[in-house]
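Each chain, letter by letter, is given below.
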Amino acid sequence: MAHIQLKNISKTFGNHTALTGLDLDIADGEFFVLLGETGAGKTTTLRLIAGLEKPSEGQVLIDGVDVADWGAAERDVALVLQQYSLYPRYTVRENLEFPLKPKIRRLPDAEIKDRVDRAARTLRIEHLLDRKTDRLSGGEMQRVSIGRAIVRKPRVFLMDEPLSALDAKLREALRTELKNLQMQLGATFLFVTHDQIEAMSMGDKVGVLNHGRIIQTGTPHEIYNNPRDTYVASFVGSPPMNLIDGKLVNGRAVMTPLNFELPFSGGTKTYGGAKTGAATEGRPLVFGIRPEDVYLESGAPVEARVHDVENHGVEKILTLRVGDITLRATVPARTDVAIEQPVRFAWNPDKVVMFDKGSGVNLRHAS
Amino acid sequence: MATTMITTLDRSSRAAARGLSDISIRNLFIIPTVLFLIVFNIFPLIYSLGYSFTDFRASTNAPANFVGLQNYRDLLNDPYVWSNFAITAKYVIISVAGQLLVGFGVAMLLNRDIPLKGLLTTLLLLPMMLSMAVVGLFWKLLYDPSFGIINYALGLGTFEWLADPKMALYAVALTDIWMWSPFVMLLSLAGLSAVPKHLYEAAAIDRAGPFYTFFRITLPLVAPILMIAVIFRTMEAFKTFDLAYILTSQPTTELISIRLYKMAFQEWQTGRSCALAYIVLIMVLAITNIYVKYLNKVKER
């Protein structure tokens, strides 16, 4: 178990800058998810912590100790990779025994057997123990590689998109299993993913990474409801948050290109008081509203046309069109709408998030 | 089935205009090769099998008499031939083991990011490209007791590399190792670079030491390709003639192929030498088969 800190980490590969001024604090026993698009620097961050790469600048601290000169072995981390990296030609049991067998820290045979059996039981791969790894399915392989991580009782578990190569059903199942496992072990997990659903559903804390910078860290709830900027707003959530250009006029949100208006119930007061309110008035903004906070109502202020309907079983996701702006709305499945049908919609004024048009930063976060 | 393997000839092509069908074009390509193989390989092979049961001598006009298995019986009871086999076995083991150690070792050294890696690899491959006879002549000069550079460099005075009956075979093997280690190196490099890097990283994370990683990951993964190198080199070493023949003429370096050459073209015992050639052929086949069986097992694991 460990507390991990990254302080002002930068990493460059030749001319390419992977990470810039990265600060990260992962508490002991926390399930921390690093979320970002491909190429955002997630894997690099993970490899820096694992000791497979050295930072160009900055410090990696494990339990307050600077581990700059420690190799991967001394850091005592476990790493689960997307490509499984099981040792070929060995059975599942041999793979699980591998980390316990090196001479330097050779455990007694009984202990090895006990640990392997326990890990196999936890991951429900007992029946596979004597099978060769190349005869396993993707999900089974990934379980074995997670198993290889947990037999060792490392200080930190590092997981690099372990679920992304699996099919949807299995991914869901393993997601729950991993989360349970983490709670059971009480271990520190750093989980890297590009899948915001994984991040939201598993993480105690989520860090959103973009172009080698941490944009926002917080609980999934904070990230979802109070995104720091338009990038986070559009990256997290499926469908993403609607972002509409506009400005605030006399306590009403006026959308600039089309001049449709929506009520903005005392918004400025809630978001920073009168001070911001005055500054916000008339200034170019981006209004963010989650699709579930957009609702259809016969007497609602704005008219739109239904552009597209996605039926998700439990709900429908509508794409509404007002002029050339489109926005998404999540409505109950029983709502009966047809494409090109005119509808009227409103939003939940309490849930509106305002971003600065220029910088894209959430006004609540701006200091 | 054979016809389904062939893509149909384009009707508008020039070949079709000349009245050639798919089948005739196929035959045009294959039949000359097959004929060539039959005339120069298969016919002599079978013809010599016939000779091996006779007392035919190519140097005389005397008709060949059928002697049954007499040639085989004599050869297998001949202690000299057995000693030739023993010399060959020793030579094969020393030479192949040496090539394997040197070749794989150099491959391990090269399998990392070093400057001029490509150039270095190419230079190291050069010995393999030379002709056996040239290598033999060169090394004869290098081994020369009075002005050879090897004795000079090692300060061995007038050590007799090739004239010393005990040393000569090792000297020949050493030359062979020098010449063919690059071949093993090349195959090993291919095998080593095919080991996924993430396995080494996983092993590092799993806190495996360098030896543990080598024996548990590198070696098992490179083993199949190493086996192929061993098969090739064993077959070649078994057949070595020119190198040993040029370098030295000690009785202790009389490999089976030299014995065969002498029997066939100096003593003109054509029938008997055919029998010996068959014995060698069967041995090489047998050894190769054992290797291939083992290779398949290694691959399956």
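Treat the numbers as computed from the prediction; the structure is a model and nothing was measured. Residue indices begin from 1 for each chain and proceed along its sequence in written order. Chains and ligands are labelled sequentially in the order written, the chains with letters from A and the ligands with numbers from 1. Local features in a predicted model are, by the rule used here, given only for residues with pLDDT of at least 70; side-chain atom pairs are given and counted only at 80 or more, and totals for whole chains, interfaces and linings are based on all residues.

1. Re the overall build of chain A
- The secondary structure content of chain A amounts to 11 helices and 20 strands.
- The dimensions of chain A, computed from C-alpha atoms along their principal axes, are 75 × 45 × 35 Å.
- Of all 367 residues assigned to chain A, the portion counted as buried reaches 40%.
- Long-range pairs, those at least 24 residues apart, make up 67% of the contacts in chain A with a sequence separation of at least 6. A run of H or I in DSSP counts as a helix once it spans at least four residues, and a run of E counts as a strand once it spans at least two, with each numbered from the N terminus. Residue burial here comes from a neighbour count, namely the number of other C-beta atoms, placed from the backbone, that lie within 10 Å of the residue's own C-beta, with 20 or more meaning buried, 12 or fewer meaning exposed, and in between meaning partly exposed. Two residues form a contact once the distance between their C-beta atoms, set from the backbone, is within 7 Å.

2. Things to note about the overall build of chain B
- A count of helical and extended segments in chain B gives 13 helices and zero strands.
- Secondary structure elements in chain B, listed N-terminal to C-terminal, are α-α-α-α-α-α-α-α-α-α-α-α-α.
- The globule rule used here is 2.2 Å times the number of residues to the 0.38 power, and the radius of gyration it is set against is calculated over C-alpha atoms. In terms of overall dimensions, chain B is more spread out than a globule: its C-alpha atoms have a radius of gyration of 25 Å, far above the 19 Å expected for 301 residues.
- If you line up chain B on its principal axes, its C-alpha atoms span 75 × 70 × 35 Å.
- The buried share among the 301 residues of chain B stands at 27%.
- A fraction of 71% describes how many contacts in chain B between residues 6 or more apart in sequence connect residues 24 or more apart.

3. Points about the pairing of strand β17 (residues 315–322) of chain A
Residue and element names in this part refer to chain A.
- For two strands to be treated as a pair, DSSP must find at least two bridges joining them. Inspection of the sheet shows strand β16 (residues 302–311) paired to β17 by six bridges, in the antiparallel sense. In the sheet register, valine 306 faces β17, and the bridge partner there is leucine 320.
- Direction of pairing for β17 relative to strand β18 (residues 325–332): antiparallel, over a ladder of eight bridges. Bridge pairing in β18 places arginine 321 opposite threonine 326.
- Between β17 and the antiparallel strand that follows it, β18, lie two residues; glycine 323 among them carries a positive phi value of about 60°.

4. A word on the sheet that holds β16(A)
All names here are of chain A.
- Strand order in the open sheet formed by five strands is β15-β19-β16-β17-β18, with antiparallel pairing between adjacent strands. Where the open sheet ends on each side, the last strands, each with one partner, are β15 (294–296) and β18. Across this sheet, the average inter-strand angle for adjacent strands is 45°, counted without regard to direction. For helices, the axis comes from a line fit to the C-alpha atoms of the stretch in contact; other axes are also lines fit to C-alpha atoms, and the angle between any two N-to-C directions lies between 0 and 180 degrees.

5. Points about the domain arrangement of chain A
- How far each domain reaches was decided by an automatic or database domain assignment. If you check the domain split of chain A, you get domain 1 (4–229) and domain 2 (242–356).
- On a C-alpha basis, the centroid separation for the pair domain 1 of chain A and domain 2 of chain A is 39 Å.

6. Notes on the nonpolar core
- Core analysis: the largest hydrophobic core is formed by 99 residues, its most contacted members being Val33(A), Ile49(A), Ala50(A), Leu79(A), Leu158(A), Leu190(A) and Phe191(A).
- Apart from the residues lying within four places of it in its own chain, the contact partners of Leu158(A) are Leu46(A), Ile49(A), Ala50(A), Val77(A), Ala78(A), Leu79(A) and Leu190(A).
- In plain words, the nonpolar core is the set of buried Ala, Val, Leu, Ile, Met, Phe, Trp, Tyr and Cys residues that C-beta atoms within 7 Å link up. Formed by 44 residues, the second largest nonpolar core is a distinct cluster that contains Tyr91(B), Leu169(B), Phe238(B) and Ala275(B).

7. Brief notes about the sheet that holds strand β5 (residues 65–66) of chain A
Residue and element names in this part refer to chain A.
- The strand order β2-β1-β4-β5 describes an open sheet built from four strands, whose pairing is antiparallel. Edge positions in the sheet fall to β2 (16–26) and β5, since each has one partner strand and no second.
- Where strand β4 (residues 57–62) and β5 come together, two bridges link them in antiparallel fashion. Residue pairing across strands places leucine 61 opposite aspartate 66, the latter belonging to β5.

8. A closer look at the packing of helix α2 (residues 22–51) of chain B against helix α13 (residues 270–300) of chain B
All names here are of chain B.
- Closest axis-to-axis distance for the α2/α13 pair is 8 Å, and the angle between their directions is 120°. Between α2 and α13, the angle is such that the two are oblique. Crossing handedness for the pair α2 and α13: left-handed. Contacts between α2 and α13 pair Ser48, Leu49 and Tyr51 from the former with Thr270, Gly271, Cys274, Ala277 and Tyr278 from the latter.
- Split by residue class, the contact of α2 with α13 holds five nonpolar, three polar and no charged. Any angle from 65 to 115 degrees is called roughly perpendicular, while one under 35 is roughly parallel, one over 145 is roughly antiparallel, and all others are oblique. Crossing handedness is defined as follows: a turn of the near helix away from the far one that is anticlockwise and smaller than a right angle gives a left-handed crossing, while the clockwise case is right-handed. Amino acid classes used here: Ala, Val, Leu, Ile, Met, Phe, Trp, Tyr, Cys and Pro are nonpolar; Asp, Glu, Lys and Arg are charged; the rest, including Gly, are polar.

9. A word on the environment of Pro165(B)
Residues and elements named next belong to chain B.
- Structurally, the position occupied by proline 165 is in helix α8 (residues 165–193).
- Here the alpha-carbon distance between proline 165 and threonine 248, two residues 83 residues apart in the chain, equals 9.7 Å.
- Setting aside its immediate chain neighbours within four residues, proline 165 contacts Gln250 and Thr252.

10. Some remarks on the interface of chain B and chain A
- With 15 residues of chain B at the interface, the matching set in chain A holds 19 residues.
- In terms of residue count, helix α9 (residues 197–205) of chain B provides more of the side of chain B that touches chain A than any other element does, six residues in total.
- Across the side of chain B that touches chain A, the residue classes break down as nine nonpolar, two polar and four charged.

11. Observations regarding helix α5 (residues 138–150) of chain A
Residues and elements named next belong to chain A.
- When the terminal C-alpha atoms of α5 are compared, their 19 Å separation across 13 residues agrees well with the 18 Å that a helix rising 1.5 Å per residue should span.
- A large share of α5 lies buried, amounting to 11 of its 13 residues.
- Along α5, the positions that sit buried rather than exposed are Glu140, Met141, Gln142, Arg143, Val144, Ser145, Ile146, Gly147, Arg148, Ala149 and Ile150.
- Packed against the buried residues of α5 are β6 (77–80), α3 (92–97), α4 (109–123), β7 (156–160) and α6 (168–185). One less than the residue count of a helix, multiplied by 1.5 Å, gives the span that helix is expected to have.

12. Thoughts on α8(B)
- Relative to the 42 Å expected for 29 residues at 1.5 Å per residue, α8(B) spans 42 Å between its end C-alpha atoms, a close match to the ideal helical length.
- What we call the bend at a residue is the angle made by axes fitted to the seven residues finishing there and the seven residues starting there. Along α8(B), the sharpest kink reaches roughly 40°, centred on Trp180(B) and followed within four residues by the proline Pro182(B).

13. A short note on the environment of Val232(A)
All names here are of chain A.
- With respect to the helices and strands, valine 232 occurs in helix α9 (residues 230–235).
- Expressed as a C-alpha distance, the spacing of valine 232 and glutamate 74, which sit 158 residues apart in the sequence, is 36 Å.
- Look past the residues within four positions of valine 232 in its chain and what remains in contact with it is Val208, Ile215, Gln216, Ile223 and Pro227.

14. Here we look at unusual backbone geometry
- In this structure, the amide linkage connecting Ser238(A) to the following residue, Pro239(A), adopts the cis form with an omega of -5°.
- Residue placement: Pro239(A) occurs in the loop between α9 and β11 (242–249).
- Here the phi dihedral of Lys153(A) falls at roughly 50°; this positive angle occurs in a residue that is not glycine.
- Following the sequence through the fold, Lys153(A) ends up in the loop between α5 and β7.
- The exposed category is assigned to Lys153(A), around which 12 C-beta atoms lie within 10 Å.
- In this structure, Arg207(B) is a non-glycine residue whose phi angle is positive, near 65°.

15. Some points on the confidence of the model for chain A
- Per-residue pLDDT for chain A has a mean of 84; in total, 93% of the residues score no lower than 70.
- pLDDT runs from 0 to 100 and stands for how confident the predictor is about each residue. Low pLDDT, under 50, characterises residues 266–278 of chain A; the stretch is placed with 13 contacts to residues that sit more than four places away or in other chains.

16. A closer look at the confidence of the model for chain B
- Mean pLDDT over chain B: 89, with 97% of residues reaching 70 or higher.
- In the predicted complex, the global pTM is 0.74; the interface-specific ipTM is 0.73.

17. Looking at the pairing of strand β14 (residues 285–289) of chain A
All names here are of chain A.
- Counting buried positions over the five residues of β14 gives five, a clear majority of the element.
- Here β14 shows two buried faces, one formed by Leu285, Phe287 and Ile289 and the other by Val286 and Gly288.
- The pairing of β11 with β14 spans five bridges and is antiparallel. Its bridge partner lying in β14, glycine 246 is registered against leucine 285.
- Relative to strand β20 (residues 353–356), β14 runs antiparallel, the two sharing four bridges. Within the sheet, the bridge partner assigned to phenylalanine 287 lies in β20 and is methionine 354.

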